[in-house]
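Chain residues, written in single-letter form:
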Amino acid sequence: MNRSSQDSDWQADVQRYGLRRPFLKEQSIWAVWSYRFGRRVDRMQSGLAKKVLTSFYWLWFRLLETAVGISLPKAAVIGPGLRIWHFGGIFLHPDVRIGANCTLRQGVTIGNRVADGPVPVIGDDVDFGAYAQVLGGVRIGNGCHIGALSVVLCDVPDGATAVGVPARVILKSGVQ
Ligand SMILES: CC(=O)SCCNC(=O)CCNC(=O)[C@H](O)C(C)(C)COP(=O)(O)OP(=O)(O)OC[C@H]1O[C@@H](n2cnc3c(N)ncnc32)[C@H](O)[C@@H]1OP(=O)(O)O
Ligand SMILES: N[C@@H](CO)C(=O)O
């Protein structure tokens, strides 16, 4: 099994936290570690070790999800350099795809609008304000900002900001 010290996505996550002993300072990194661990277990060859670690993973995932209120299912695809500020009420749908160096905060949901509906695809370097909700089969481009408490139901082009309920898109040159 790839150890966490050899997992380059995890190394990039730790770098984004930029802290000495981040495990002692931020609960969110426990959830990020758990996510990367689950992905590493999935990549293991079939066998007893994988079975045991998968069982351990599910127990650990449920306990941690309940304790810190962060749900990062291992089926979701999240690029390297994930940074989560704070904790509580952070839920990702298992089908979401998130690029590199994204930032989440407390209360963020990325998921579907209706049961079994499509889910967002998020680019690189996207910053989600506290309690931002991004719902449905929308595309959020690279370098976007999603305002605190905003509900995004439309595509957001590269570099734009989305704010409000429902969100309006602000391009550098003004509102779209
Ligand atoms: C414990 C803690 O501190 S946790 C940290 C919590 N903080 C966050 O989550 C920060 C999230 N950041 C935001 O929401 C910011 O307002 C941003 C990134 C969306 C926008 O920042 P800027 O690019 O500087 O935009 P700016 O402040 O100029 O606002 C542009 C317009 O959007 C509006 N706006 C900005 N944020 C929001 C928002 N969250 N919801 C609704 N409207 C908003 C402004 O009123 C302004 O409207 P106007 O053009 O009609 O006057
Ligand atoms: N620096 C933090 C505030 O606690 C953030 O950006 O969310």
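To keep things clear, this report deals only with the structure shown in the data block.

Calculation rules
Residues numbered from 1 in each chain as written. Chains lettered and ligands numbered in written order. Predicted model: local features only at pLDDT ≥ 70, side-chain atom pairs only at ≥ 80, totals over all residues. Heavy atoms only, no water. Salt bridge = Lys/Arg side-chain N within 4 Å of Asp/Glu carboxyl O. Helix = DSSP H or I, 4+ residues; strand = E, 2+ residues; numbered from the N terminus. Buried < 20%, exposed > 50% of the residue type's maximum accessible area, 1.4 Å probe, protein only. 1 Å grid on protein atoms, 1.4 Å probe; cavity = no way out; pocket = protein on both sides within 12 Å on 5 of 7 lines; lining within 4 Å. Points joined across faces, edges and corners; volume = space filled by probe spheres on them. Nonpolar A, V, L, I, M, F, W, Y, C, P; charged D, E, K, R; others polar.

### Looking at the pattern of salt bridges
As enumerated under the stated definition, the model contains seven salt bridges in all. Between R36 and D9 there is a salt bridge; the shortest N-O distance is 3.8 Å. In this pair, R36 sits in helix α3 (residues 28-42) while D9 sits in helix α1 (residues 8-17), placing the two residues 27 residues apart along the sequence. With a relative accessible area of 3%, R36 lands in the buried category. Ionic pairing is found between D42 and K74, a salt bridge with its closest N-O pair at 3.0 Å. Residue D42 is found in helix α3, and its partner K74 is found in the loop between β1 (70-71) and β2 (77-78); the two are separated by 32 residues along the sequence. Taking the relative accessible area as the measure of exposure, D42 reaches 36% and is therefore partly exposed.

### Re empty space enclosed by the protein
Going through the model one piece at a time under the given rule, you end up with one cavity of 30 Å³ or more. Taken as a whole, the largest cavity holds about 40 Å³ of empty space. A31, S34, F61, L64, E65, I70 and L72 together form the lining of the largest cavity. Among the secondary structure elements, those contributing two or more residues to the lining of the largest cavity are α3 and α4 (48-68). Looking at the lining of the largest cavity element by element, the count peaks at three residues for α4. Classifying every residue of the lining of the largest cavity gives five nonpolar, one polar and one charged.

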